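Okay, here's what each chain looks like letter by letter:
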2 protein chains.
Amino acid sequence: MKLIVDAMGGDHAPEEIVIGAALGKENCPGLQILFTGKESEIREILDANRISSQGIEIEPSETQVEMEDDPLCILKSKKDSSMARGFQLLRDGAGDAFLSAGSTGALLVGASSRIYKNKIPGVKRCAIGSVLPFQKPCLLLDSGANIEVTSEELCQFALMGKAYAEDILGVKNARIGLVNNGAEETKGTPLYVETHQALKAMAGIRFVGNVEAREIPFGACDVLVCDGFSGNLILKLAEGMGKFFSATLKEMLLSDLKSKLGALFLKKKVLAFRENFSYEKYGGAPLLGTRKPVIKAHGSSKRSAIASAVVQAERFSRADLGEKIESWIGKEQE
Amino acid sequence: MKLIVDAMGGDHAPEEIVIGAALGKENCPGLQILFTGKESEIREILDANRISSQGIEIEPSETQVEMEDDPLCILKSKKDSSMARGFQLLRDGAGDAFLSAGSTGALLVGASSRIYKNKIPGVKRCAIGSVLPFQKPCLLLDSGANIEVTSEELCQFALMGKAYAEDILGVKNARIGLVNNGAEETKGTPLYVETHQALKAMAGIRFVGNVEAREIPFGACDVLVCDGFSGNLILKLAEGMGKFFSATLKEMLLSDLKSKLGALFLKKKVLAFRENFSYEKYGGAPLLGTRKPVIKAHGSSKRSAIASAVVQAERFSRADLGEKIESWIGKEQE
């Protein structure tokens, strides 16, 4: 299996990306890495860190998509960027999956574009899935890509989310929930009222109804469906609150001598607490709706997050979700 | 000053409401309470708890709005309920402010209705403001009442929120933020793009731009404007995550002997941590856009939360926000 890695995307590119990918590779026997990006820089990092080049190739590319670029640039003005090269290699069969920590918008355009031929026929829009690290992992989609959606698209997200939760996260008969401001069927905007009925009518899924936001941390469902505006709010607020609580806890533990003494007894537990609530352990966010896996790593990813994302990409690629999603969506449209 | 209290609304009515209101009254010299509800039950609670009836009156009402009732019932079939009576007394000058822990929907209908003549002329819709207990208090509005809104309504929410934040929460020159999925002006749905421009163009406010959800806990603004669907997500997720972290922390501190030892040193701090992140200290949620204050206490409120809400209602009533909001909104419409 060969994973294409955009070496130039993300806040800590290329160094943390290259080292992280090499670390991830060590945990996946037989995995090969194909970097896209500035060849000389990548080689320098490999050499400086004494990383063997066995199983590692480089496809040279001198430009890259910047955060302020129009996402459409990867189809036009930046067709030779490290990200666009990744999609071309994927399309041409030079790799089995693609990982990037670069611009989410551009990655979504690339994943959905006819030019790169990776979107599954019948899928209206690709969605970004993010695993919320609560009591039980919960796959949130769309988590920020599609700000305005239709009921049909939300129903497709439910199917794509089910496939990922079951085959990659190991959930059995995934429970699908719809984000909403109340449990009753009549709650929410007209879009949400319509979607509730549509999900209820779908034969192939286990729909558990509307999920209020306060229930999300307590394992109310395995797949949480919503529009990208709401999904972004949920994902980012959960992230912000995690940081807020960690900071408050730290302050509390170091505030005076008595607390510091107490903290000594709790050191391991506190570390476990923080680690447990970390987005890193689930690697990157899958772009669902593609034939071959495309994974978005967080822009701020350092080596360990990239290594997790590589391991996840390898598992994702083995599972061959594309075919399953294509057949499910085909059945719905019959 | 006389506060009307719906004794029959909320999960723990009437007992916790009556005792809580009496507790709150003790902290507000000169405050009188006018309960609406079942007279015999209220008298029994006062007697059983040896609460002096000085400064306490009761307006008898034999029915009440139930959670499953259509909110419009308080204008029609339940015109003689404890909540409807409260609005009538407010309209007729028998009280200065109204507090209820009953149905939010019905309370909003009552506050907005022409029958009870409490909505400020020019205000399109009343909004529910909720104080998020983060690093700095942040007033979120609308926090769940108005699922679909217009840009003009969101701009009015900004003005109403500014008045409350400055006069009740004691913030100087309140910073107004707009919930969004990115900092750039072009982010969000068309409604949010339009609202960003409208807020930017408003002369009387200090607009700090879009606020991403991850910044909310860190004091990004004093007033956070959004539609009620998003507001509900933010409020409820913050509440759920608070509970989740508290539960996780407790589990951690009691997991083994070593941790229990550490916890002994930290007991006070942990209690302070939990208290600091409590919605109770800010009392109820104001319904903004009314002439005389209407305050919604959480349905699950027990006596201490009701007591806080009474103190807040007293301060709210003194501030005479209605007049200020009316003049600000009038100016915007000129």
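Residues numbered from 1 in each chain as written. Chains lettered and ligands numbered in written order. Predicted model: local features only at pLDDT ≥ 70, side-chain atom pairs only at ≥ 80, totals over all residues. Heavy atoms only, no water.

Quick word on the sheet that holds strand β10 (residues 223-225) of chain A
Residues and elements named next belong to chain A.
- The sheet built from five strands is open, its strands ordered β6-β7-β10-β8-β9 with mixed pairing. Among the strands making up the open sheet, the edge pair consists of β6 (130-133) and β9 (206-211). Neighbouring strand axes in the sheet, compared pairwise and without regard to direction, differ in orientation by 30 degrees on average.
- Packed on one face of the sheet, helix α5 (residues 151-167) meets β7 (137-141), β8 (175-179) and β10 and runs near 165 degrees to β10. (Pairing = 2+ DSSP bridges. Helix = DSSP H or I, 4+ residues; strand = E, 2+ residues; numbered from the N terminus. Axes fitted to C-alpha atoms, helices over the stretch in contact; angles between N-to-C directions. Contact = heavy atoms within 4.5 Å.)

Structural notes on the environment of Glu152 of chain A
All names here are of chain A.
- Along the chain, Glu152 falls in helix α5.
- Note on Glu152: relative accessible area 40%, which makes it partly exposed.
- For the pair Glu152 and Glu239, spaced 87 residues apart in sequence, the C-alpha to C-alpha distance is 29 Å.
- In this structure Glu152 touches Lys124 and Gln333, once residues within four positions along its chain are discounted. (Buried < 20%, exposed > 50% of the residue type's maximum accessible area, 1.4 Å probe, protein only.)

A word on the packing of aromatic side chains
- For the structure shown, the criterion picks out 15 aromatic pairs over all chains.
- Judged by centre distance (4.8 Å) and plane angle (40 degrees), the rings of Phe229 of chain A and Tyr192 of chain B are tilted. Separated into two different chains, Phe229 of chain A in helix α7 (residues 228-253) and Tyr192 of chain B in helix α6 (residues 190-201) make up a pair that spans both. In this structure, Phe229 of chain A and Tyr192 of chain B share a single accessibility class: buried.
- One aromatic cluster in this structure is built from Phe134, Phe218, Phe244 and Phe245 of chain A together with Phe134, Phe218, Phe244 and Phe245 of chain B. (Phe/Tyr/Trp six-rings, centres within 6.5 Å; stacked < 30°, edge-to-face > 60°.)

Some remarks on the domain arrangement of chain A
Residues and elements named next belong to chain A.
- Domain boundaries in chain A define domain 1 (1-123 + 289-334) and domain 2 (129-281).
- The C-alpha-based centres of domain 1 and domain 2 are spaced at 25 Å.
- The interface is formed by 19 residues belonging to domain 1 together with 16 residues belonging to domain 2.
- A combined buried area of about 1,500 Å² lies between domain 1 and domain 2, and 63% of that area is made up of carbon and sulfur atoms.
- It is Leu321, Trp328 and Glu332 in domain 1 that bury the most area against domain 2; as a group they hold 30% of the surface buried on that side.
- Linking domain 1 to domain 2 there are one salt bridge.
- Here domain 1 is connected to domain 2 by four residue pairs in polar contact (both at pLDDT 80 or more).
- For the side of domain 1 that touches domain 2, the secondary-structure elements that each account for two or more residues are α9 (303-319) and α10 (321-333). (Domains from an automatic or database assignment. Buried area = accessible area lost by both parts, 1.4 Å probe. Salt bridge = Lys/Arg side-chain N within 4 Å of Asp/Glu carboxyl O. Polar contact = N/O pair within 3.5 Å; in protein donor to acceptor, adjacent residues only side chain to side chain.)

Overview of the pattern of salt bridges
Residues and elements named next belong to chain A.
- Enumeration according to the criterion identifies 32 salt bridges over all chains in this entry.
- The shortest N-O distance in the salt bridge between Lys162 and Glu166 comes to 2.8 Å. Here Glu166 and Lys162 lie together in helix α5, a separation of four residues that amounts to about one turn.
- On the basis of relative accessibility, which here comes to 7%, the residue Lys162 falls in the buried class.

Some thoughts on α5 of chain A
- The terminal C-alpha atoms of α5 of chain A, which comprises 17 residues, lie 25 Å apart, in line with the 24 Å expected from a rise of 1.5 Å per residue.
- Here α5 of chain A lies mainly inside the structure; 15 of its 17 residues are buried. (Expected span 1.5 Å × (residues − 1).)

A closer look at helix α2 (residues 39-48) of chain B
All names here are of chain B.
- Looking at α2, one finds that the buried residues are Ile42, Ile45 and Leu46. Along the axis of α2, the buried residues cluster in a sector spanning 100 degrees; they form a single face. In α2, those exposed residues whose orientation departs by more than 90 degrees from the buried face are Ser40, Glu44, Asp47 and Ala48.
- Backbone geometry just after α2 places Arg50 at a positive phi near 50 degrees. (Arc of directions from axis to C-beta.)

Remarks on the relation of the copies chain B and chain A
- Relative to chain A, chain B is turned by 180 degrees and slid 0.0 Å along the rotation axis, the superposed coordinates differing by an RMSD of 0.0 Å. The superposition of one copy onto the other is thereby described by a two-fold rotation axis. Among all C-alpha atoms of chain B, that of Gly262 of chain B lies closest to the rotation axis, at 2.0 Å.
- Take the interface residues of chain B: 100% of them recur as interface residues in chain A, which is what a same-surface contact looks like. (Least-squares fit on C-alpha atoms with pLDDT ≥ 70 in both.)

Regarding the state of the cysteines
Residues and elements named next belong to chain A.
- Under the criterion given, the structure shown has zero disulfides over all chains.
- Sulfur of Cys226: no disulfide; nearest cysteine sulfur belongs to Cys138 and is 9.5 Å away.
- Given a relative accessible area of 0%, Cys226 falls into the buried group. (Disulfide = S-S within 2.5 Å.)

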